[in-house]
Every structure is written in structure tokens, then in C-alpha cells.
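# Geometric and topological summary
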Amino acid sequence: MIDEKDFLDLFIPGPVNISKDCRQKLTLRMIAHRSETMGELHRDIATYLQKLLFTSNQIILSTSSSTGLMEAAIRNCVDKKGVLNVLNGAFAERWHSIALMNGKEADALNIDWGKAVTAQQLKEKLDEKEYDAVCITQNETSTGVTTPLKDLYRVIKDHGCLLLVDAVSSAGGVETRVDEWEIDVYLFGLQKCMALPPGLAVASVSEEALKMAKTVPNRGWYFDFLYLKKYHDRNGMQPATPVIPIYYALQYQLHKIVDEEGIENRWARHTEMGDYTREWVKARGLTLFADESVASNTVTCVNSLGIDVPKLKSDLMKKGYLFATGYGKFKEKNFRIAHMGDRTLEELATYLQTIEELIR
Ligand SMILES: Cc1ncc(COP(=O)(O)O)c(C=O)c1O
């Protein structure tokens, strides 16, 4: 049996710690998924997600991990012209695999890991060929890079493409204005900057994306945006039974973020933690894996430069922390410091101080 003492302070880039008040919401009594209470819950969540994302687009809730909605975006928004996937890390590569495994035409725009695509690079690629959509990972969790969508959306739109964005490790932590930046699908799970459990994924979907979906065959059943919309419009229902306990916690957390902390203040707290971590890295003679101009404010990737990463991980575990090594092929070459969700600067400073004592 798992015991309270087995839990570690999660400094990994998701899942992250969940506050006690949010955890309490997960244990509320069950309601029926076709009840009026469920409809109210759904509608309130959708309204607050629109506020969080600065959008009036359709909100889709999906009982799945975030990858489910990546698959949905590809299945609904990519047709004969295919998709251009911007690949600058392990999660970006997932876009490409999903497109190919769903039988879609897909090209890759390879960017060095640690860097973000520029508007010029995108323009050159989009000038060569027409696409239905461009897929971008807003925050590449494997490298600690945030791609500046604000600088890119114009060129994508000018080429007549839909913009599909994986915001799994940025939504709720990094400035994003879905309508202003004309993002057609903006999708994420809740286990990162939203500081909630995994299991429910959400997306905003534009009118243009829905229009596109009407023309794309074989959208499947579970992830068909039009089918989901039809049920959502029917008094906030889902076609299949949703993960109701996470709805309770999401409603509560959205009210806290929007009405108490403030969306811009939440972004600012993440920026402050990102700045603090980068300064800490440099002051210790360490180096960032990412180009500093695009370094993420939710996760910092640090070159290990002789630090014994597995040993540091086990030393930190003894002190009650779960540390993040590098991702995949970078397991020992770098390590990652997550500063996302409800994390405070004080907690982060204590963690970094502990690392410093262990590597000194
Ligand atoms: C940027 C990014 N995209 C996609 C995913 C996949 O999310 P999920 O495990 O919720 O499907 C992750 C998970 O870490 C991620 O960081």
C-alpha cells in the first residue's frame, strides 16, 4: 500500500504537486454524467478556460491524456495537403509520429534541439509547398525551449494554414492569447502548469478548425471535434463518461487562477521562477541547454558538465525530492529543473540551495 511517507516533492516537469484544497475536490461525491449539475460544471469550466486562454473559441474537454488531443488535432484538421511539423525536441517529434501513424502526409521542419523556429525559417518552408496545418510545440519539455508563437502566427496564417499548438507544459504558465495569435487548436493536459492530476485534456478549437473538420474523412469516434461539439452544445455533455472528479478540481483551480491569483500574475510568477533559475545556473558556472533568448519559464534544462546526474537524483531522493534527469537521449547529459504549476519562488530557492550543497 502506498503510504504518505512515500510521496516526494515533485520537481519534475509534470506531473507536479497538487495543493491540498484541489486534492479535496477530487474526493467529492459522484454525480451522474448526464445530470444538470454536470452540465453546469461543464459550462462553467468552458467559460473559465476561455478566460484563461483569452479566446471565444469552442472549448473541448477530453477524458484522455494530452496526446489524445494531439491525435484529435491531426485527425480533424489535416487533409490532402498534409501537415508541416516543426521538430525541435522529443515532444515535437510526437506530432510527426502521430501524423504519419494516422496516414497523413507530413513533412518535418527540423530545428536544432535547444532552439526555436524563426518566422523566416517557417516562411521559407511554407513558400515551397501548401499545407493544411502547421504543428508547433509551444514549450518543449525535453529541452526547456518556449517557441514564441506571437512572432510566428502571421506567417502561418498568410500561407493559409491552420495553427495547431501543443501547450502541454506551457498553458496556464506562459503568456498566450489564443484569439489575438489566431491559434486554431490550443491543447494541453492539466498535470503541469495547471497543477492538477493527469487524465483530462482540454483544447480551444477555432471556427476555421471546425470548418476544416467538416471536410476531413475518418475523424474517428472518440476524438471527432464535431461529435464532441455536438454533445457539448447539448447542455454540456460528453459522448462517453468523463473523469468527473477532475472536473471538480479543474473548476475550483480555474476560479482560483482567474479570480484570485490572476492570469497575468501567474505568468509573472513563472517568469520570475525562470529568471531566478537561469541566474542560479549561470552563477554556478553551469550552462543552459537552451538558447537563452527562448529559454522556458516553466522548465530549465541544464548541461550536466561533469555532474553525476544519477547520483544527484538519488541524493535528492533521500532529501524528499524527485529530480528530473535529461529526457531520452540526454538522460545523463543534462538535467531539468521544473518551475511550474503552483510552485513558489521560495520552494524553488530551497531546492536549488539543496542541489548546490550536493554538487559543491
Ligand atoms: C510538451 C509535451 N507534449 C506532450 C506531452 C504528452 O502529454 P500526455 O502524457 O499528457 O499525453 C508532454 C508530456 O510530458 C509534453 O511535455
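The structure we're discussing is the one just above.
Summarised in this report is the structure supplied together with it.

Reading the values: rules and limits
- Residues numbered from 1 in each chain as written.
- Predicted model: local features only at pLDDT ≥ 70, side-chain atom pairs only at ≥ 80, totals over all residues.
- Heavy atoms only, no water.
- Salt bridge = Lys/Arg side-chain N within 4 Å of Asp/Glu carboxyl O.
- Helix = DSSP H or I, 4+ residues; strand = E, 2+ residues; numbered from the N terminus.
- Buried < 20%, exposed > 50% of the residue type's maximum accessible area, 1.4 Å probe, protein only.
- Pairing = 2+ DSSP bridges.
- Phe/Tyr/Trp six-rings, centres within 6.5 Å; stacked < 30°, edge-to-face > 60°.
- Lys NZ or Arg CZ within 6 Å of the ring centre and 35° of its normal.

### Focus on the pattern of salt bridges
Summed over all chains, the structure comprises 25 salt bridges. Note that Lys81 is salt-bridged to Glu130, the shortest N-O span being 3.5 Å. Residue Lys81 is located in the loop between α3 (66–77) and β3 (83–87), and its partner Glu130 is located in the loop between α5 (119–128) and β5 (133–137); the two are separated by 49 residues in the primary sequence. A relative accessible area of 39% means that Lys81 is categorised as partly exposed. Taking relative accessible area as the criterion, Glu130 reaches 56% and is therefore assigned exposed. A salt bridge links Asp315 to Lys318; the nearest nitrogen and oxygen atoms lie 3.7 Å apart.

### Quick notes on the sheet that holds strand β14 (residues 334–338)
Judged by pairing direction, the sheet is antiparallel, and its 3 strands sit side by side in the order β11-β14-β13 without closing on themselves. Pairing within the sheet leaves two strands with one partner each, and these edge strands are β11 (299–303) and β13 (324–325). Here β13 runs beside β14; their pairing, made up of 2 bridges, is antiparallel. Within β14, the residue paired with Thr325 across the bridge is Phe335.

### Side note on the packing of aromatic side chains
A full pass over the atoms with the stated rule returns 12 aromatic pairs. Aromatic side chains Phe11 and Tyr351 sit 3.7 Å apart centroid to centroid with 5° between the ring planes, which places their arrangement in the stacked category. Of this pair, Phe11 sits in the loop between β1 (9–10) and α1 (20–25) while Tyr351 sits in helix α12 (residues 345–359), and the two are 340 residues apart along the sequence. Assessed through its relative accessible area of 0%, Phe11 is described here as buried. An angle of 55° between the planes, with centres 5.0 Å apart, marks the rings of Phe91 and Tyr327 as tilted. Of this pair, Phe91 sits in helix α4 (residues 90–101) while Tyr327 sits in the loop between β13 and β14; the two residues are 236 residues apart in sequence, bridging distant segments of the chain. Judged by relative accessible area, Phe91 falls into the buried class, the value being 18%. Ring-pair connections join several aromatic residues into one group, and the members of that group are Phe11, Tyr321 and Tyr351. Over the ring of Phe54 we find Arg177; its NZ or CZ atom is 4.8 Å from the centre of that ring. The ring of Phe11 has Arg343 lying over it, and the distance from NZ or CZ to the ring centre is 3.5 Å.

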